[in-house]
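Spelled out from the first residue to the last, the chains are:
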Amino acid sequence: MYCPKQETRKGLLVVLPLSAVLFVFVYGFILWSLKVSFSAWDGILPNMNFIGLENYRRLFSSQRFVTDLFNTLYFTLFFMVVCIVGGFFLSYLLYSRLRAEALFRTIYLFPLSLSFVVTGVLWRWVLSPEVGVNALFHMLGFKASFGWFTSTQSFGKFNYALISLIIAASWQYLGYTMAMFLAGLRGIPDQIIESAELDGAGEFRIIRSILLPMLKPITFSAMIVLGHISLKIFDLAYAMTGKGPAFVTDFPGLFMFETTFRGNHYAEGAAISIIMLLLIALVIIPYLYSTFRGEET
Amino acid sequence: MRSRTSVVVKYFLAILCALLFLFPLYVLLNTSLKPFSEVRISEMWIPAQHISSEGFVESFSKLRGNLLNSFLLVIPVSFFSILFGSLNGYVFSKWKFRFSNLIFALIIFGMFIPYQSILIPLVQSLNKMGLYGHLKGLIITHIIYGLPISTLMFRNYYAKLPDELLEAGMLDGLGIWGVFRRIIGPISAPATVVVLIWQFTSVWNDFLFAVVITQKPSIQPITVALQNLAGSQVIEWNVQMAGALIAAIPTLLVYIFLGKYFIRGLLAGSVKG
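Residues numbered from 1 in each chain as written. Chains lettered and ligands numbered in written order. Predicted model: local features only at pLDDT ≥ 70, side-chain atom pairs only at ≥ 80, totals over all residues. Heavy atoms only, no water.

(A) Spotlight on the overall build of chain A. On a plain count of helices and strands, chain A comes out with 13 helices and two strands. Taken along the three principal axes of its C-alpha coordinates, chain A extends 75 × 75 × 30 Å. When burial is assessed residue by residue, chain A has 56% of its 297 residues classed as buried. Across chain A, the fraction of contacts at a sequence separation of at least 24, relative to all contacts at a separation of at least 6, is 69%. Put simply, chain A shows about 13300 Å² of open surface, and 66% of that area lies on carbon and sulfur atoms. Averaging the coordinates of the 21 positive side-chain charges in chain A and doing the same for the 17 negative ones gives two points 3 Å apart. (Helix = DSSP H or I, 4+ residues; strand = E, 2+ residues; numbered from the N terminus. Buried < 20%, exposed > 50% of the residue type's maximum accessible area, 1.4 Å probe, protein only. Contact = heavy atoms within 4.5 Å. Areas by Shrake-Rupley, 256 points an atom, 1.4 Å probe, with all protein chains shown as cover. Lys, Arg positive; Asp, Glu negative; His and termini not counted. Charge placed at Lys NZ, Arg CZ, Asp CG, Glu CD.)

(B) Quick look at the interface of chain A and chain B. In this complex, chain A contributes 98 residues to the contact, which on the side of chain B involves 95 residues. In this assembly, chain A packs against chain B so that about 9200 Å² is buried in total across both faces, 78% of it on carbon and sulfur atoms. The tally of links from chain A across to chain B stands at one salt bridge. A:Glu203 is paired through a salt bridge with B:Lys10; the nearest N and O atoms lie 2.7 Å apart. Our enumeration of links across chain A and chain B arrives at 19 residue pairs in polar contact (both at pLDDT 80 or more). Here the side of chain A that touches chain B takes 19 residues from helix α1 (residues 5-37) of chain A, the largest share from any one element. Along the lines of polarity and charge, the residues of the side of chain A that touches chain B split into 70 nonpolar, 16 polar and 12 charged. (Buried area = accessible area lost by both parts, 1.4 Å probe. Salt bridge = Lys/Arg side-chain N within 4 Å of Asp/Glu carboxyl O. Polar contact = N/O pair within 3.5 Å; in protein donor to acceptor, adjacent residues only side chain to side chain. Nonpolar A, V, L, I, M, F, W, Y, C, P; charged D, E, K, R; others polar.)

(C) Region of interest: helix α9 (residues 203-214) of chain A. Residues and elements named next belong to chain A. In a regular helix each residue adds 1.5 Å, so 12 residues correspond to 16 Å; α9 covers 15 Å between its end C-alpha atoms and thus fits that length. Those residues of α9 lying buried are Glu203, Ile206, Ile207, Ile210 and Leu211. The buried residues of α9 occupy one face: seen down the axis, they fall within an arc of 130°. α9 presents Phe204 and Arg208 as exposed residues on the side facing more than 90 degrees away from its buried surface. (Expected span 1.5 Å × (residues − 1). Arc of directions from axis to C-beta.)

(D) The environment of B:Ile183, seen in detail. Residue and element names in this part refer to chain B. Residue placement: isoleucine 183 occurs in helix α7 (residues 176-184). Separated by 165 residues in sequence, isoleucine 183 and alanine 18 place their C-alpha atoms 44 Å apart. When sequence neighbours within four positions are dropped, the list of residues in contact with isoleucine 183 reads Leu165, Gly169, Leu174 and Gly178.

(E) Expanded view of the packing of aromatic side chains. According to the stated counting rule, one finds 51 aromatic pairs over all chains in the structure shown. When the ring of A:Trp125 is compared with that of B:Trp237, the centres are 4.2 Å apart and the planes differ by 20°; the resulting orientation is stacked. Here A:Trp125, found in helix α5 (residues 116-126), pairs with B:Trp237, found in helix α11 (residues 237-257), and the two come from separate chains. For B:Trp237, a relative accessible area of 12% corresponds to the buried category. The structure contains a cluster of three or more aromatic residues connected by ring pairs, namely A:Trp41, A:Phe234, A:Tyr238, A:Phe257, A:Phe261, A:Tyr266 and B:Phe207. Across from the ring centre of B:Tyr115, 5.9 Å away, lies the NZ or CZ of A:Lys232, which sits over that ring. (Phe/Tyr/Trp six-rings, centres within 6.5 Å; stacked < 30°, edge-to-face > 60°. Lys NZ or Arg CZ within 6 Å of the ring centre and 35° of its normal.)

(F) Local environment of the pattern of salt bridges. Residues and elements named next belong to chain A. Taken as a whole and judged by the stated rule, the model has 11 salt bridges over all chains. Ionic pairing is found between arginine 57 and glutamate 54, a salt bridge with its closest N-O pair at 3.0 Å. You can see arginine 57 and its partner glutamate 54 sitting in helix α2 (residues 54-60), three residues apart, about one turn around the helix. Judged by relative accessible area, which is 27%, glutamate 54 ranks as partly exposed. The structure contains a network of salt bridges with shared partners spanning Arg64, Lys243, Asp250 and Glu258.

(G) Here's a closer look at the confidence of the model for chain B. Residue and element names in this part refer to chain B. Looking at chain B, pLDDT values average 90 and 95% of them are 70 or higher. Averaged pLDDT values for the elements of chain B fall to 84 in helix α12 (residues 259-268) and rise to 97 in helix α9 (residues 208-213). Here the complex is predicted with pTM 0.92, and the ipTM for its interfaces comes to 0.91. (pLDDT = per-residue confidence, 0-100.)

(H) Inspection of the side chain of A:Thr67 at higher detail. All names here are of chain A. Its location among the elements puts threonine 67 in helix α3 (residues 63-95). The exposure class of threonine 67 is buried, given its relative accessible area of 15%. Excluding its chain neighbours within four sequence positions, the residues that come into contact with threonine 67 are Asn159, Ala246 and Phe247.

(I) Region of the structure containing unusual backbone geometry. All names here are of chain A. Phi at alanine 100 takes a positive value of approximately 65°, unusual for a residue other than glycine. Within the secondary structure, alanine 100 sits in the loop between α3 and α4 (101-109). A positive phi angle, near 60°, is found at phenylalanine 247, a position not held by glycine. Along the chain, the position of phenylalanine 247 falls in the loop between α11 (235-240) and α12 (252-262).

(J) Seen up close, the environment of B:Leu25. Residues and elements named next belong to chain B. Assignment of secondary structure puts leucine 25 in helix α1 (residues 4-32). Overall, the relative accessible area of 22% leaves leucine 25 in the partly exposed class. Spatially, the C-alpha atoms of leucine 25 and methionine 241 are 10.0 Å apart, while their sequence positions differ by 216 residues.

(K) Region of the structure containing the nonpolar core. A:Tyr108, A:Val126, A:Tyr173, A:Leu211, B:Tyr90 and B:Leu122 are the most contacted members of the largest nonpolar core, which totals 194 residues. By residue number, the principal contributor to this core is helix α7 (residues 162-186) of chain A, which donates 15 residues. Setting aside anything within four residues of it in sequence, one finds A:Tyr173 in contact with A:Phe79, A:Cys83, A:Leu112, A:Phe116, A:Leu226 and A:Ile229. (Core = buried A, V, L, I, M, F, W, Y, C linked by side-chain atoms within 4.5 Å.)

(L) Geometry of the environment of B:Tyr132. All names here are of chain B. Following the sequence through the fold, tyrosine 132 ends up in the loop between α4 (116-128) and α5 (135-159). Linking tyrosine 132 and serine 61, residues 71 residues apart in sequence, is a C-alpha distance of 27 Å. Those residues in contact with tyrosine 132 that lie beyond four places of it in its chain are Val123, Leu126, Asn127, Val212, Ile213 and Gln215. At 2.7 Å, the side chain of tyrosine 132 and the side chain of glutamine 215 are in polar contact.

(M) A nonpolar patch on the surface, seen in detail. Residues A:Phe137, A:Met139, A:Leu140, A:Phe142 and B:Ile46 make up a contiguous nonpolar surface patch of about 490 Å² in total accessible area. Among the secondary structure elements, A:Phe142 is positioned in the loop between α6 (133-139) and β1 (154-155). For A:Phe142, a relative accessible area of 53% gives the class exposed. (Patch = residues over 30% accessible without salt bridge, like charges linked within 9 Å, V, L, I, M, F, W, Y side chains within 5 Å.)

Next up, the structure:
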């Protein structure tokens, strides 16, 4: 559009200071954390001795951090699968224009407005081994003795205690993928589906050959959003389970918080946070690149 | 595609799922309405025999101050997020300058970083500025880290407005800020509501910044206070559940009454240009 130079310059007077502040608080601070992670700083004495990758080396040889990484991996995987499969399922139910659709939508989505702390406190009560659903099964006459988040059993590196967190997190975020898929489904022109019906395609055929392929970009976006939430997970675990026995429900975010602010090992905490950042950057940077590349002129 | 049996099956499944979703809410309400004497481990699922306000009275007396803190936090953060987000979003959407896309992408990346990676320098800096441990420090933190998402939401909204609208203003002799004040500002209401709701809920629900920056119980927002209430050793489940409900009510109300905008914000949060 028509845009005289001196006017654009006036715009910079607002954008540049705001961007500068943000850049200091994001990129400046990340570099600062990086520097701390290379030091032996304990947060109190001004001992910023450079010790190179020592903190990182120590982390990767610690039982706790390795467990954390596996927990993150499995939590992310199951959280994503449940939210995407379940979210599509719910959106498809609503797509069929059920009566009271608005009510169903409201019910599926309401957990999303809650804080992870609320969700955590609530599900800790619902899934507590003696009180929760176990007691419900007892009432119904079944023997149930699953320890939920106190379970120390595992299958390979997958700790069963994670199931509790996956349930709680999925309860909160299923509605999110449902909303995304529903928006996507409603964007598909009716004619495409009608003509497929005229050609004799059944419901499953339409889902498989039309709906699912057209939802691919949305599925991808949902994976990114869910992935970056689960890679950072902190509040839910903090409120619901803590790190659990033998770190069965520990995550890097929790480890970082405890190490830094409860244990005063600032340098080690910084190293954990840098690893978390790298994990997320691996997912987000390609995504942002593909989103904004198309807009370059 | 819409045969009768399949419709019946779909209703059945939709209702079943709705019950599963509401089930924890039943537990929350049921437990919070029980008197302490009725909160027995084996009877968590049984409906309250005597409705009691005990849990609510006690948790409210403990959380009242923190509830107020959360409002004192959310109001200024929302105001400045809207102000800065709309100014920023406007310039980024309509006034291309050198590196504007690069700068914008770098700003958006700030939305995704794990805040742990800036936490240590943040604490150090707030400490130096004398803001650590104060609500003011938490307010400034949320305004700054809310900038990416509020800029993105306003930018996406402004990008859809036709350029002719601005050009007409320019021809009338309005400058970049004249156009913003007279033309863009008055039609910004839809985006403003979305940003307001988004920032209100995410700042209200935040825990990480709050637990790190506010140490004194008297200045902690509701999420931290709730966690402390629940973390204590005495198992007064009715009080805890009532506390959780109190902490959840403001955002639940926002969601119930402004759900349309809430969903719009949600979808915008997944970076759709």
